[in-house]
Every structure is written in C-alpha cells, then in structure tokens.
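Structural overview
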Amino acid sequence: MISFTNISQKYTKLMNFLQLDVKRVTHLLNQDTLTVRAEDQVYDAAVRWLKYDEPNRQPFMVDILAKVRFPLISKNFLSKTVQSEFLIQDNPECLKMVISGMRYHLLSPEDREELADGTRPRRKKHDYRIALFGGSQPQSCRYFNPKDYNWSDIRCPFEKRRDAACVFWDNVVYILGGSQLFPIKRMDCYNVVKDSWYSKLGPPTPRDSLAACAAEGKIYTSGGSEVGNSALYLFECYDTRTESWHTKPSMLTQRCSHGMVEANGLIYVCGGSLGNNVSGRVLNCCEVYDPTTETWTELCPMIEARKNHGLVFVKDRIFAIGGQNGLGTTVIHLAELVRHISDIIKKAALSGLDSVEYYDIKLNEWKMVSPMPWKGVTVKCAAVGTVIYVLAGFQGVGRLGHILEYNSETDKWIANSKVRAFPVTSCLICVVDTCGANEETLET
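Under an unreviewed UniProt entry, the protein chain has the name BACK domain-containing protein and belongs to Ranitomeya imitator.

Put into structure tokens, the structure is as follows:
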C-alpha cells in the first residue's frame, strides 16, 4: 500500500525537478550515474520538464532531448509512445533522434558495438526477487524477496507443467516445455512489470526434462526427452526480438534433467541423464556453447555425476548443488543385493545428494565445497549476489521444510528455521528483476 506521506514525497521530488533551470536539467540527464529502471524514465522526465512550461522551454527542446539515449529505449516504447508525442512530430531534429533509436534495434550485436555515442548504459536500478511457479492453485506461484525473506503471491492462470523449464529476460518470464497429459507446445509468458500473462509459440520439438537459459535477447533450450523416450542432443534458440525459433548445432552429449546456465556470454551445460527422467545413466560430463562461433567444447567433468540438481552462476564460478546420481551415497554389498534387490534398488533410486561443487571457469576444473545440511533428489535454487538460496526440493521421503542459504564467499550454509520453503517440490524457479512493477505515476 502507498501511503499519503510517500505520495507527498514523490510529488515534492517531481515538483523540484520540474522547476530546475535548463542548465541543471541538461547536466542531470547527461549523467552515466543516473539510476533508472530503464531509459524510458529519462525520456518521460525530459518530456514532463518541457511541458511544464512549454512556451518558455520550447527553444531548449533539442538540447534536452539530445541527452536522452534513444537507442537504449525499447523498440515497443519508441514506436508506440515516442512517435506519437506531438512535441517530437513537430520538430525535425527530434524526429531524427527517434529514427536513430529505431535503426539501432535493427542492427546486429556486432554493429551495435561500433556505435558508442548515445548507447552507454546508465546505472540501472534493480529489485531482484526469486520467482517460483507451481501451477494455478492459490499460493502455487510466489516471489521470494531475499531482502526481507518475505513471500508474496503471483497470479497465474495456467495449470502446472511437469518437467518444464523457465527463464527470465527483459521483464518477461518464459515458461516452456514440459507436459500435462500430453507435451505442451505453447510458451507461457509473464511480464513481471505489467503483471500480465500471454502465450507464444513454444519450442519446435515439445518435450519434458529440458533445460533453458537466456543470453543477449535469446532463449536457449537444450536436451530433454520426448514422452518416455531417451534423452536428446537437441539445442534450440528463440530470438525475443524477431519472435522466431531456430535449431542450433546439437550438443556433444544427449541429456535430460540437466542444468544449464549463461556465464559471460557462453552457455554451460552440466550433468543430467542419458535415458529419461526416470531411468538411464547419470552424467558428470559438461560442455560449453559459444553463440558467436556456434560451436560446442567439452569441459572438465564434474567430480560427482548428478541429475535434477541446482546449477547457478556466481562470480566466475558455476555451482552444482545436490541432485541425484542414481546410487546416491548408498553402499550396496553383493550379498545384500541378492537378498533384497528390489528394496535396495528403490532405496538407491531415491537417495539424494548433499554434495556441492563448483566449476572454476578460468582454471577449467571442479572443486568440492561444504555440503548442504540436507540431501535433495531435486533441488530448486537461485543466486542473488553472492548468496545461493535453496527454496524448494524433494528428498525422496519428504520435501524441504525450511529455506537454505549458502554464502559463496565464506563457504557457509545456514538453515533458516524461520522461513518455510516453497511447498511445490516440482516447481520452476528463476531470478527476476521486478524494478518498475506497480510504480505510481503522477500526472502534472
């Protein structure tokens, strides 16, 4: 709830800005250190200042709007909002600025790098939350706020998917793959700023137990299995700019129930299973994909084979957390195996891992660190800053009761007994930036 005091403070700040002289406004809008959610806010502020005293400020229009970095404004905002602004339509110089911003969005990433003028990013404001999606039932989709450890609900109209994947890019969560009774072909999209849901065409090959991540405006999906079949080598890419899917070079190893993360522009794939999510040899092999050269390279294997594990990137290190290795940590003696083979196989299949290891990108090697204070057959985790949060998971005989935190700098685990874990163990999880969500706007 926004209090009257907060609204008054916002209104006071707005009035102070609108009454600044042209020299101070020009200086302010030109700063790289200006903290904003997006360049759209800088444009809005500039137009509001001009309209506050339009007759007297008309001569400064070009100078003021020249400080707006139009190439950094989203294509949708440029086409719908900026082009319809009469101040710009009546001024050829300002119209040129808008056109240059539109042209920027048509350039390739390589060509964009050559345009330094007007494309320097500002200091962006962030409000990171961890989003978990478990279906359409009440409290089945929620945000976890790492600042105050509070949970809040997300409205979700779609039914739960089995063995799907989700990824966040540019205000939108993309939920793809998985199945209900049959494989789901559509891709459900949630705009965290607008709190709105819509659907797009999903991966060309609908499947379960796939992995996904985002890099430079593209959503990558890897592996998975088609209804009961063995794992796939498949690697596909969705371009959020053109809204089109493309098949990319296949992975070196077929796999499902694996982990995939983006790190420094490269795509890392680790672990998984050769069969499907129920059976098949568990893997410790890893590989990396370079989107620039469209090539895969084999990496140093993990110390421990694992599937359904957590995989997160923190400061040049990729952490593999918990999961299942088929045999867990159970030691099986031959005589015991002969007497109780069915019980042992069942026990082994359900055994989770507490082990944690990280991949040092610079050294191309894996190192073990402190184990979790809990063994997870499935681990749902995400990293914010240098802390990894385990928020949901399944142990084989029960689910995670309270959240776990791992400080990657001190190598220490904390079991937070005051904060309950997310109740849906087969949920989807990703970090989102909710900055700008439910912002109050004041008309002058």
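There's more to say after this.
1. Concerning the sheet that holds strand β6 (residues 186–191)
If you trace the four strands from one edge of the open sheet to the other, you get β4-β5-β6-β7, paired in antiparallel fashion. Both edges of this open sheet fall to β4 (165–169) and β7 (196–201), since each of them pairs with a single strand only. Sheet twist, expressed as the mean angle between neighbouring strand axes with direction ignored, is 25°. Here β6 pairs with β7 via six bridges, running antiparallel. Its bridge partner being in β7, Y190 is matched across the sheet by W197.

2. Structural notes on the pairing of strand β9 (residues 218–222)
For β9, a buried count of four out of five residues is recorded, marking the element as mostly surrounded by other parts of the structure. Summarising the sheet, strand β8 (residues 211–215) and β9 pair through five bridges and their orientation is antiparallel. Counterpart to A215 in the pairing with β9 is K218. In this structure, the hairpin formed by β8 and β9 is closed by a connection of two residues, where E216 is found at a positive phi of approximately 50°. By the bridge criterion, five bridges tie β9 to strand β10 (residues 235–239) in an arrangement that is antiparallel.

3. A look at the packing of helix α6 (residues 75–82) against helix α8 (residues 92–104)
Packing of α6 against α8 leaves a shortest axis separation of 9 Å and a crossing angle of 150°. Taken together, the axes of α6 and α8 lie roughly antiparallel to each other. In the crossing of α6 with α8, the sense of the turn from one axis to the other is left-handed. Judged by residue contacts, K75, L78, S79 and V82 of α6 engage V98, G101 and M102 from α8. Across the contact of α6 with α8, the residue classes tally to four nonpolar, two polar and one charged.

4. Description of the sheet that holds strand β3 (residues 150–153)
The antiparallel open sheet is built from four strands, whose spatial order is β3-β2-β1-β24. Because the sheet does not close on itself, it has two edges, and the strands there are β3 and β24 (428–433). The average angle at which neighbouring strand axes cross in this sheet is 30°, direction not considered. Pairing analysis gives six bridges linking strand β1 (residues 128–133) to β24, with the strands arranged antiparallel. Bridge pairing in β24 places R129 opposite V432.

5. Re the side chain of E357
Structurally, E357 can be placed in strand β18 (residues 356–360). Residue E357 is classed as buried on the basis of its relative accessible area, which comes to 0%. Polar side-chain contacts of E357 include one of 3.1 Å to the backbone nitrogen of E304. Sequence-distant contacts of E357, that is, excluding residues within four places in its chain, are made with M302, I303, E304, R306, I318, F319, A320, W366, K367, M368 and V369.

Procedures and definitions
Residues numbered from 1 in each chain as written. Predicted model: local features only at pLDDT ≥ 70, side-chain atom pairs only at ≥ 80, totals over all residues. Heavy atoms only, no water. Pairing = 2+ DSSP bridges. Helix = DSSP H or I, 4+ residues; strand = E, 2+ residues; numbered from the N terminus. Axes fitted to C-alpha atoms, helices over the stretch in contact; angles between N-to-C directions. Buried < 20%, exposed > 50% of the residue type's maximum accessible area, 1.4 Å probe, protein only. Parallel < 35°, antiparallel > 145°, perpendicular 65-115°, else oblique. Left-handed = near helix turned anticlockwise from the far one by under 90°. Contact = heavy atoms within 4.5 Å. Nonpolar A, V, L, I, M, F, W, Y, C, P; charged D, E, K, R; others polar. Polar contact = N/O pair within 3.5 Å; in protein donor to acceptor, adjacent residues only side chain to side chain.

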